[in-house]
Amino acid sequence: MSKQKLDSLGVSAFCESMAMMVRSGIQTDEAISLLQSGKETSGGVLESGLAVMKEQVDQGFGLAAAMQESGIFPQYALQMVAAGESSGRLEDILFRLARYYRDQKTITEKLRSAVTYPAAMLVLIIAVLAVMLIMVLPSFTDVYNNLTGSLAASTYGYIRWAYGFCWFALIVMVLLAAALVVGLLLWNTDKRPLVEKLIRRIPLCSSILDNMGMFRFTSALETFLASGEMQDEAVLRSIPMTDCAPVEEKLHRCVERMEEGHSIAQAAYDESLFEPVYGRMLLAGERSGSMENVLQRLTELLEENCGSLVDRLVGIVDPLLSGVLMVTVGMTLLSVMLPLIGMMNSVG
């Protein structure tokens, strides 16, 4: 069993390839063989996983069991493929999984870019401030000493203010960069709830996390319902997919209402799980018998909303950090130029 997992894009590509072969009537063992023969290289995660899967299906195991034995697929994909096989809707489930992991990859890339740009700007600001403190300000100090023999009291005040301003800005930027690095390191550990709690103090970040949790839930619920799961069981199995504590709390309240006899659509509307317009869409979909189609549309809308919120966050952070850089450099240069302006006026 492989210890390394496929990334979201790899899982999406595998599921889509398998779905197309299943649609064409190709048997599972033949489909895996075709995927193997289509690889010119060997030793990769997928290649080693396919070899294990081929052995398993040749021994009579199903696709889900073979995928589990390979150890390269996430648990959610294994559960859904098993449900698809038992319900006879494997092709549909594989296509849904392909879309789900493709969407996950898109959102992850957006979030990564949202973190990468501020990190690069912080490094640039720190580098500029370090150059100001190490090279620029000492050079101006030497120039004034050579011109006047020693720094006058007023001139020294300006230089001291410039040094203080640069040091203050540098310390703040270093602390921000350190917080960003520590947060990224802790994100994939058991300390993640603490990091998430701190991030949630920023309203826009809180909205992004909630929307991502809802996106995962609706996508999972849609797929579980498509596999033939009962509504209450589908909701219970979809809750762990959210990976978002506040969303899970709302969903557990919805489950309590469902135990009282309400449907998921009514419970979600009563608990304000979705925005009112989305809640009404879900109610209408349930009453018209098109629940899966409405959930699919909600998933698309939530994905678009996540992307818009991430773009908005980047749009705020970009000018903010650029402004800090310009103000810091501008104020520092102005403070060291004022004595020179005074000297030029006295000479004139």
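Please read these numbers as outputs of a predicted model, since none were measured by experiment.

> An account of a nonpolar patch on the surface is needed here, citing residue identities and associated values.
Among the surface-exposed residues, Trp161, Val327, Met331 and Leu334 lie close enough to one another that they form a single nonpolar patch of about 370 Å² accessible area. Top element by residues in the nonpolar patch is helix H14 (residues 291-347). It accounts for 3 residues.

> Tell me about the environment of serine 288, and please be specific about residues and values.
Note that serine 288 resides in helix H13 (residues 276-288). For serine 288, the side chain forms a polar contact with the main-chain oxygen of alanine 284, separated by 2.9 Å. There is a polar contact of 3.2 Å between the side chain of serine 288 and the backbone oxygen of glycine 285.

> I'd like a rundown of unusual backbone geometry, residues and numbers included.
Even without a glycine there, the phi angle at aspartate 243 is positive, about 55°. Looking at where aspartate 243 falls in the secondary structure, it is placed in the loop between helix H10 (231-238) and helix H11 (245-259). You can call aspartate 243 partly exposed: its relative accessible area is 38%. Even without being a glycine, serine 272 presents a positive backbone phi close to 55°. Note that serine 272 resides in the loop between helix H12 (264-270) and H13.

> Explain the nonpolar core residue by residue, including any values.
Core analysis: the biggest nonpolar cluster contains 76 residues, and Phe14, Met53, Leu63, Phe73, Tyr76, Phe274 and Leu282 have the highest contact counts within it. Per element, the largest residue contribution to this core is 12 residues, and it comes from helix H9 (residues 203-226). Filtering out sequence-adjacent residues up to four positions away, phenylalanine 274 remains in contact with Met214, Thr218, Ala268, Gly279, Leu282, Leu298 and Leu302. Grouped together as the second largest cluster of nonpolar side chains are 14 residues, Met121, Met132, Leu133 and Cys166 included.

> Quick one: what's the story with helix H4 (residues 63-70), residue by residue and with numbers?
Taken together, the buried positions of H4 are occupied by Leu63, Ala64, Ala66, Met67 and Ser70. For H4, the arc enclosing every buried residue in end-on projection is 165°, short of the 170-degree limit, so these residues lie on one face. A positive backbone phi angle near 75° is found at glycine 71, which sits one or two residues after H4.

Basis of the calculations
- Residues numbered from 1 in each chain as written.
- Predicted model: local features only at pLDDT ≥ 70, side-chain atom pairs only at ≥ 80, totals over all residues.
- Heavy atoms only, no water.
- Patch = residues over 30% accessible without salt bridge, like charges linked within 9 Å, V, L, I, M, F, W, Y side chains within 5 Å.
- Areas by Shrake-Rupley, 256 points an atom, 1.4 Å probe, with all protein chains shown as cover.
- Salt bridge = Lys/Arg side-chain N within 4 Å of Asp/Glu carboxyl O.
- Helix = DSSP H or I, 4+ residues; strand = E, 2+ residues; numbered from the N terminus.
- Polar contact = N/O pair within 3.5 Å; in protein donor to acceptor, adjacent residues only side chain to side chain.
- Buried < 20%, exposed > 50% of the residue type's maximum accessible area, 1.4 Å probe, protein only.
- Core = buried A, V, L, I, M, F, W, Y, C linked by side-chain atoms within 4.5 Å.
- Contact = heavy atoms within 4.5 Å.
- Arc of directions from axis to C-beta.

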